[in-house]
Structure formats: C-alpha cells, structure tokens
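Structure at a glance
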Amino acid sequence: MNKAVNNGVWSGSWVAERLGVELLGDPELTDLLGLALRRNPKRAHLLVSNVLGKHVPQSPSIVYGYGVTLGHRVRDLLGPEESGRAVVLGYAETATGLGHAVADGIAVAPYLHSTRRPVPGVATAGGFEESHSHATSHLLLPEDPELLAGDGPLVLVDDEFSTGNTVLNTIRDLHGRYPRDRYVVVALVDMRSPADAGRLDEFAREIGARVDLVAAASGTVRLPAGVLEKGQELVAWYETGGDSSAAPSGPAAQFPAPLKDEGIDVDPSFEVAPNPNPPAARGTARPAPADPHSTHNRTTRVDLRWPRNLPDGGRHGFTPAHRIRLEQALPAMAARLAEALPEDAHRVHILGFEELMYAPLRLARELEQIVDADVTYSTTTRSPVLAVDDPGYAIRTRLTFPAHDTPADGPGDRYAYNIAGAGFDAVVAVVDSRGDTPELHGLLAELAAHTPHVVLAVVPSYVPERPPMLPEPLRGPAFSSYAPEEVGWLLQDLSDVTLEAPTEEREEAIQSGGAHYAESLPVEYQPSEQYQELFHTALDEAAGRLALAVGAVTELVLAERSPHPVLVSLARAGTPVGVLMRRWAQYRHGLDLPHYAVSIVRGRGIDANALRYLAAHHDPADVVFVDGWTGKGAITRELADAIREFEESDGITGFDPEIAVLADPGSCVKTYGTREDFLIPSACLNSTVSGLISRTVLRSDLVGPHDFHGAKFYRELAGADVSVEFLDAVAARFPDVTDAVATLAKELLAADRTPTWEGWAAVERISEEYGIHDVNLVKPGVGETTRVLLRRVPWKILARAGAGADLDHVRLLAEQRGVPVEEVAELPYTCVGLIHPKYTRGATGADGRAVAV
C-alpha cells in the first residue's frame, strides 16, 4: 500500500487539519485508513478503510488478500484441530466480504454473516441491535441450525474494533445460547481507546472463556476538545450548500464546496466507511443519458451461469464444500464478464451491492487475472457520508439512488462513493436477484452518467428450501375420543393405511432385523367379556390410588418445573396420565394447561417436528414430558439422548428431558407420584383406554422429513371404548384425596428423589440369568408386562411370589395365550415379561431358559 495515492496527500489530512483529529499507533494506519465526516450525535468523524472494498475502489487482490492473511493468522493461532471446529461470523453490511475472506484463509471453517434482510420462512438463530447505528437490526439466519450450536471456536469478524461494544454484546448473546470455550475477534484495525483496551480480558473472565484479538494494525484516535461540535458545524455548513452566510468561523470558511448532487441527510452510522484508496486518475463526469429511465434497457446484461443451489454469500451459511464449488466455477464466470467488456477498456470497476460483497469481490479478483486492464472493486452502501472533492478527503464523490431490493425498513436512499469522475471505462454492477427490480434503473442511470459502459450481472439470491408449515394438532372427535380441549395430538392421521400384521409375524420380523417395531402395528387386542370385567374391577379398586398419584406428580411439576407447564404426553401410554394431570391442575388450581401428545420411538428418538412445533408455540422451558410409568428406564434414556441431538441439530435449547410419571418402580426419574409397582388400569387395554388411538408409527414411506409421526384412529372400536370412563372414574376421586395429596406432595418435595436406576440393574441381572443377553427383551413392571402380552409374543412371565389382585389380568392374559407364569422370590417388580431372544414361531425353551434356534 502507498498512502500517497493523491499526489502524496493522505486521504485523512483534510479532516485532521480542520478538526485536529490524529491517528496514533502503527505506521501503516494511514495506509489503511482515511477520514471523512458524517452527522452523528456521538462521533462526527468517520474512519474510512482503504482495504475493505466498501466506499473507495481498490484492487480486489489487495482487498481479498487482507482478509485471507487475517484468516491465516487465525489458523496459526488456533492450530489445526481447533481450526477444524471453528465457525466464522461476519457483520453486515460492511464486513460480510471481509469475514468471508477470513474464512477462506482458515480454509476449513464454515461462514455465516449477520443480515439486515429478513427472509420469510427462515428461522432466526439469534440477533442483536447496533445501538449506535442508523441501520436496522442484525439477524442470524443459518440454513443449518447446527452451524452455531457446536462448541468449537467462534471467530467474529468486523472491519473496525473501536469500543468493542457490538462484538462483545454479540458474544454475550450467543454465549447464552451456544456456550463455548473460545472466541477470536478479527478486525482490520484495532482502534480501541486506552479506557476500552482492558475490557476484553475482563469480559473473557466474566463469561469464563478465552477471547483473542487479531488485527492488521492497531492504534487510537486522538480527539481534541470540542471536535464533535465543530464536526457537526462543518457537516451543517455543507448541507446548506456551502452558503457563506452559514459558514462557521475559522478554517471552515475556507473549505472547498462539496460536489453538486450530494445533499446529505446523515444519520448516526456505526459502519467504518470502507475506503480503498481513491483512484489516482480523475476523469471528467459525463452527462447523464437524455432518458435515464431507458438506461436499464441499454445496460449490457451478462448471464454468469451461477452454479445451481450455490449460495451467493454467507447470509444462510457458506461451507468449505460451497467454497470448492465456487472456486471451480469462477474462471468461466469471469470469462463471461470479460467478453462483455469493450476491447479498449483500461479501467474497469466491479461494484457490489450492500451485503453482497464476497461474490463480486471474487469475480473482480478473477477478472483481474485475465484482462489487460486495471480492475478495482467496491460496493454500494446504506451509510450516508459527506462527500468533499479534495485529495485529502476520503470520500471524494457520492452517487445517490433509491433502494432497489424492497428492504424491510422501507424505501430510502443508497450510495456509491468515489465512482463519479473516476474515469472508469466500464462499471460492472453485480447485484443479487432480490435487487434486480425496476428501481435498479436508478443506480444504472447514475452509473451511465459517469462511464460509457455499464454491465449488469445478477447472482441468484439463495433462499434455503423452506419446509412446509407444520399442521395444527389433531383433536377429538375427528381424531380420538377425547374432548378437543383435553389433548392435541402432534401426529398425522394414518387411519386409512393398513399397518396391522399378526403378532407372531411382527415379532419374527423385528427380531430378525427385517423391520423396526414402529414400522407396523399389532392387531388390536379385542378383550373378552371376562377380561373387561377384570378391567372394571381393577379400576374401581385403584381409582383412589391413581388419583393420589396424579395429584402428587402434578403438584411436584407445578412446584419444581413451571407454574404454567405445557404438558406433553409420550403417546400413547402417557396420554391418559397427561389428561388426568391437566384435570387435577384445573380442579385444584383453576389452571387451563396446554396438553399435547407426541411420539417417541425406541432407537429412533422423539418426533423432532413435534419439538419444532412446541418451540414455535411455547417456551421450551415450560414443557414437561409425561408418561404413565417407568420400567427399566429405556424411554427415559431415549428422551435424554433425543433432546440432546435435537439441540445440536436445530440449535433450540430449553427442553428438559426429565419425564414426569405416575409410577416410577424402576427409580429412573425424580418427578413421580409413587415408586410402587402397582396396576394402572389403563395398561390393561390398548387403544380403547387411550382415546381409540394406536401406538405411533414411523415408516419412511409414510412419514416424510417434515411430517409428524403417524397413528391410527380406530373409530370402529367406539363400542368398546372406555377412555373417558377411565378418566372420569379417577377424576371423581380427586375430592377424596385432596388432603392426602397435599401431605404426600410435601413429603416428596422434602425427600431425596435422586434416581438410583435399580430397575435397570435388575433387568440386566435377569437378562443374563435367563440367557437373554438383551435388556430390550426384558419388560419389567405390571404395565410393561401387560404390553408384552397384548402386543408381542411373550416367552414367559416372572411374578413376584405372593402378588395379589394386581396380577389377575396378567394371569388371565397369560392363560389365554398359553404363556407360563413363574413365581420368583424377591423380584424387585411385581412382575416381569420376557420375550424369547431367538424367536421363531417354533421356538421354545424346555428348561425355562433361552435356547439357540
């Protein structure tokens, strides 16, 4: 770099001489920075970068080279392993291209930049305000929600690190969502004051992470007393056209007049006005076309043949794989640009578009390699800066034109600096398709007034594929026999699909690995008259006990989890319990709690789309997952793993995987109504006690990536439905147990309820003792044993010696299916169901133990 680009005059001398502003620090600061003026209640002067490629034309090799070199320094700082886990985040609009180049320098890091352009249908992963900027809020819109969710270093790139407020506030916000151990702040210049210099270490201690700073140069700005007021006076004088009657006293009266054109209504602006060095050659401004509105038609359009589905930048993320595709396509795209240029063009300028900095920069740098012409690069901007045509001033000229991308904050002026009068033989405007609107003719007309050749290249605006909107929950009576307010099913209705298979056929397919249990349904068990009598007897005897457990677990949830919980039952066994908990909260506290049912599948996890629906409609921290009982705790572990995977994939945090259950005989959770293994009558039946809903189905040909898991509504079984009868029988006992619930809840809240997982240990022991060697084929507890008898092919039932009426229905089902019941002393559960580990339809074990078949 050579600061003597204007006959040996530094492009900050005009402001320095008139305001007394000084740049102190590294010798290269005056190569990197010039000065300009703007209206701002906090700071009238503006640092203008000569190597950013924003406000002032510069060689694209220099612009790109500075960013890549900073990236190399970050890579050396982090080392290979940490670099491989890093993510780079750049700031809109000024540092979007710089951040991209830093990511290229690291080489293996994905890149994302903040944006001020909302994109309908793309979820926001974060955002922040720039309190001292005139511009709108920053949004983070990664296509891959996992991009920011990792724990590798986060590299934040801005053009200037001055007070550091914006960067540190960003880190603080992101650290609360996606905590990590290390951050690296990257800037072209570190211009912190002595007072701000110590804040970085203090901030790092505050968040408990390491924060490094990498900059091309460092220094400070020395400001004399009264500089703000004097600067405001100068800007005001130029805004009035330099009228001598309004001129301030002192040196301001000697100022040259601003260029005609640029009336300025300057707002507070944070961005460093990027100022690559003003070109040495100055040309004469050419007259505008007679009909500026015809300019759009006379502009040469070039089809770049941009690669399909290649992002135009980092607004939604740009990966190393994207970088490889771009590198491969650049030579051909630059060749097409070169063909559109006049043969005698000696000075060619590539003009990018606001946040679209990287694609034009890479095109410019590639073009620079293949044409016999001087190629420079800069971009348009939202930032209004005063223009003064003086060699010692960084912003010599300004083109003003209307916004042409239908911005969210409405219409307004946009600017291109140091283009007018620069003597360019051709200007190539590179915009994205969102900016290719009828309003674009305003920019093209301005360019045509100052260059004989205007070329337009449009890069397709990349918008991530939007998944379809998730449907509203299914509700009764259209889906299930429950009242619509009792539960919303986050499922899709597969009632018209034949999914049932004979139980023996399903068991053989599941154990042979030919199918997953969730890909089909067992034929619904039709209870005999004798079995239905057992259910009603069990319900009469257990209703009070159930009411006590329902009240106790609901009180624990309200006291420890949330005063306004969102109940989310694990379909289907958890659904009747969730309805009862909702009824207790309404009976005892007058609460009308939301209640949903979602699918969780062992080995496949919870329905992620259901979680996305819940996160979109409720605070995840209020969600309480509900199930009927625990056996060995497999679903408890499944849910914890699934929530962790969901947080990593979607970046949505706050869901608590702790399940609230009616009974916890396996000691797997801390939120329960009882840890006794007793008969919960809803376990005696299938759909006819669960709103006539089947267990859930997850099969790739029926459930797409944006679908809820499926289930069937057995409307034809309405005559045998006892779902509401079961709920009403338990709820009718609420008044009888109110005092007992208060006592039990108080005792539970004071007790040590830490899970011991003794049930899991017992299952492992039984699995080995009986030669099964697969805990998934051991089903402990009354509820799980009943399920085995109703849905699977049981091998035998272990019953605790002396167990009474709680096992009457188990003994009846076992007798009907020819399954032996073996009484066992000191069994930790009332009963345990065993499935043969080598099941075929002829498998037996004559000695009561597993045999190989």
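Model, not experiment: these values are computed from the prediction. (Residues numbered from 1 in each chain as written. Predicted model: local features only at pLDDT ≥ 70, side-chain atom pairs only at ≥ 80, totals over all residues. Heavy atoms only, no water.)

Turning our eyes to something else, we now look at the overall build of the protein. For the protein, the count of helices and strands is 22 helices and 32 strands. Considering the protein as a whole, with its 853 residues, one finds that 59% of them fall into the buried category. For the protein, restricting intrachain contacts to residue pairs at least 6 apart in sequence, the fraction spanning at least 24 positions comes to 78%. For the protein, the computed accessible surface area is about 32,400 Å², with 49% contributed by carbon and sulfur atoms. (Helix = DSSP H or I, 4+ residues; strand = E, 2+ residues; numbered from the N terminus. Buried < 20%, exposed > 50% of the residue type's maximum accessible area, 1.4 Å probe, protein only. Contact = heavy atoms within 4.5 Å. Areas by Shrake-Rupley, 256 points an atom, 1.4 Å probe, with all protein chains shown as cover.)

Here we come to the packing of aromatic side chains. One pass over the structure, following the stated rule, counts 13 aromatic pairs. An aromatic cluster is defined as three or more aromatic residues linked by ring pairs; in this entry it consists of Phe479, Tyr482, Trp489 and Phe713. Sitting above the plane of the Trp795 ring, Lys796 keeps its charged end 5.9 Å from the centroid. (Phe/Tyr/Trp six-rings, centres within 6.5 Å; stacked < 30°, edge-to-face > 60°. Lys NZ or Arg CZ within 6 Å of the ring centre and 35° of its normal.)

The next point concerns empty space enclosed by the protein. The tally for this structure, following the rule as stated, stands at nine cavities of 30 Å³ or more. Put simply, the second largest cavity is a space of about 130 Å³. Of the residues contributing to the lining of the second largest cavity, the split by class is five nonpolar, one polar and 10 charged. (1 Å grid on protein atoms, 1.4 Å probe; cavity = no way out; pocket = protein on both sides within 12 Å on 5 of 7 lines; lining within 4 Å. Points joined across faces, edges and corners; volume = space filled by probe spheres on them. Nonpolar A, V, L, I, M, F, W, Y, C, P; charged D, E, K, R; others polar.)

The next thing to look at is the pattern of salt bridges. Going through the model one piece at a time under the given rule, you end up with 33 salt bridges. Of the charged contacts in the structure, one is a salt bridge between Arg199 and Asp196, with a shortest N-O distance of 3.6 Å. Of the residues examined, Arg199 reaches a relative accessible area of 28% and is grouped as partly exposed. Here Asp389 ties to Arg396 by a salt bridge, and the two come within 3.0 Å at their closest N and O atoms. We classify Arg396 as buried; its relative accessible area is 6%. (Salt bridge = Lys/Arg side-chain N within 4 Å of Asp/Glu carboxyl O.)

Right, let's talk about the sheet that holds strand 31 (residues 821-824) for a bit. One open sheet accounts for four strands, arranged 29-32-30-31; its pairing is mixed. At either end of the open sheet lies a strand with only one pairing partner, and these are strand 29 (778-780) and strand 31. Each strand of the sheet is rotated relative to its neighbour by a mean of 20 degrees, with strand direction disregarded. Judged from the four bridges that link them, strand 30 (residues 794-800) and strand 31 form a sheet pairing that is parallel. Pairing of Leu798 across the sheet is with Glu822, part of strand 31. The sheet strands contacting helix 20 (residues 758-769) are strand 29, strand 30 and strand 32 (831-835), and the helix crosses strand 29 at an angle near 140 degrees. (Pairing = 2+ DSSP bridges. Axes fitted to C-alpha atoms, helices over the stretch in contact; angles between N-to-C directions.)

A word on the nonpolar core. By size, the foremost hydrophobic cluster in this structure holds 108 residues, and its most contacted members are Leu37, Val155, Val186, Val348, Tyr393, Ile395 and Leu447. Excluding residues that lie within four positions of it along the chain, Val155 makes contacts with Val74, Leu78, Ala86, Val87, Val88, Leu89, Val102, Ile106, Val184 and Val186. Formed by 71 residues, the second largest nonpolar core is a distinct cluster that contains Ala549, Val579, Trp629 and Leu727. (Core = buried A, V, L, I, M, F, W, Y, C linked by side-chain atoms within 4.5 Å.)

Within strand 3 (residues 45-49), five of the five residues are buried, leaving the element largely enclosed by the surrounding structure. Neither face of strand 3 is left uncovered, since the one carrying His45, Leu47 and Ser49 and the one carrying Leu46 and Val48 both have all their residues buried. When strand 2 (residues 33-37) meets strand 3, the two strands line up antiparallel, connected through five bridges. Bridging across to strand 3, Ala36 finds its partner in Leu46.

The next subject is the sheet that holds strand 1 (residues 22-25). Pairing between the strands of a sheet comes from backbone hydrogen bonds, and it takes one of two forms, parallel or antiparallel. Read across the open sheet, the six strands follow the order 1-10-9-8-4-5; overall the sheet is mixed. Only two strands of the sheet have a single partner each, and these edge strands are strand 1 and strand 5 (111-113). Neighbour-to-neighbour, the strand axes of this sheet turn through a mean angle of 25 degrees, independent of strand direction. Pairing geometry for strand 4 (residues 87-90) and strand 5, over three bridges, is parallel. Bridge assignment links Leu89 to a residue of strand 5, and that residue is Leu112.

What follows deals with the packing of helix 15 (residues 574-589) against helix 18 (residues 723-731). Viewed as axis vectors pointing N to C, helix 15 and helix 18 meet at an angle of 40 degrees, and their least axial separation amounts to 10 Å. On the basis of their axis angle, the class for helix 15 and helix 18 is oblique. The hand of the helix 15/helix 18 crossing is right-handed. Of helix 18, the residues touching helix 15 (which contributes Pro576, Val579, Leu580 and Arg583) are Phe726, Leu727, Asp728, Val730 and Ala731. Residue composition of the contact of helix 15 with helix 18, by class: seven nonpolar, no polar and two charged. (Parallel < 35°, antiparallel > 145°, perpendicular 65-115°, else oblique. Left-handed = near helix turned anticlockwise from the far one by under 90°.)

For the rest of this paragraph, the subject is helix 20. Structurally, the α-helix is built with 3.6 residues per turn, so residues lying three or four positions apart point the same way. Counted at 1.5 Å a residue, the expected span for helix 20 with its 12 residues is 16 Å, and the 16 Å between its end C-alpha atoms agrees. Turning to helix 20, its buried residues number three or more, namely Gly759, Trp760, Ala762, Val763, Ile766 and Ser767. Along helix 20, the residues classed as buried sweep out an arc of 160 degrees about the axis, all on the same side. Buried residues in helix 20 make contact with helix 17 (634-650), strand 29, strand 30 and strand 32. Looking at the residues trailing helix 20, positive phi occurs at Gly771, about 70 degrees. (Expected span 1.5 Å × (residues − 1). Arc of directions from axis to C-beta.)

Attention shifts here to the environment of Ala195. Relative to the helices and strands, Ala195 resides in helix 6 (residues 194-197). Residue classification places Ala195 among the exposed positions, given a relative accessible area of 67%. Counting along the chain gives 32 residues from Ala195 to Thr163, while the straight-line C-alpha distance between them is 9.0 Å.

What follows concerns the pairing of strand 26 (residues 659-663). Burial within strand 26 is extensive, with five of its five residues counted as buried. Inspection of the sheet shows strand 25 (residues 623-629) paired to strand 26 by four bridges, in the parallel sense. By the bridge assignment for strand 26, Val626 is matched with Ala660. Bridge count between strand 26 and strand 27 (residues 671-674): three bridges; the pairing is parallel. Bridging from a neighbouring strand, Ala663 pairs with Thr674 of strand 27.

Here we come to helix 14 (residues 529-560). Here helix 14 is 32 residues long and its end C-alpha atoms lie 43 Å apart, about the 46 Å a rise of 1.5 Å per residue gives. By the largest-angle criterion, Ala542 marks the main kink of helix 14, which is about 55 degrees. (Bend = angle between axes of the 7 residues up to and from the residue.)

Direction vectors running N to C along helix 5 (residues 165-177) and helix 7 (residues 199-207) enclose 5 degrees, while the axes themselves pass 12 Å from each other. Put simply, helix 5 runs roughly parallel to helix 7. For the pair helix 5 and helix 7, contact is made by Asn165, Leu168, Ile171, Arg172 and His175 and by Arg199, Leu200, Phe203, Glu206 and Ile207, respectively. Residues belonging to the contact of helix 5 with helix 7 are distributed by class as follows: five nonpolar, two polar and three charged.

Our next topic: the confidence of the model for the protein. For the protein, per-residue confidence averages 84 on the pLDDT scale, and 86% of positions sit at 70 or higher. Considering only residues more than four positions removed or in separate chains, one finds that residues 131-136, a stretch of pLDDT under 50, has 19 contacts. In this model, residues 249-297 is a region of pLDDT below 50 whose contacts with residues beyond four sequence positions or in other chains number 169 contacts. (pLDDT = per-residue confidence, 0-100.)

The next thing to look at is the environment of Ala209. On the secondary structure map, Ala209 appears in the loop between helix 7 and strand 10 (210-222). The spacing of Ala209 and Pro179 is 30 residues in sequence and 8.9 Å in space, taken between C-alpha atoms. Excluding residues that lie within four positions of it along the chain, Ala209 makes contacts with His175, Arg180, Asp181, Arg182, Tyr183 and Ala204.

On to the side chain of Asp212. Position of Asp212 relative to the elements: it lies in strand 10. With relative accessibility at 14%, the residue Asp212 sits in the buried group. One polar contact links Asp212 to Arg182, side chain to side chain, over a distance of 3.1 Å. Among the polar contacts made by the side chain of Asp212, one reaches the side chain of Arg210 at a distance of 2.9 Å. Those residues in contact with Asp212, other than ones at most four positions away along the chain, are Leu77, Arg182, Tyr183, Val184 and Val185. (Polar contact = N/O pair within 3.5 Å; in protein donor to acceptor, adjacent residues only side chain to side chain.)

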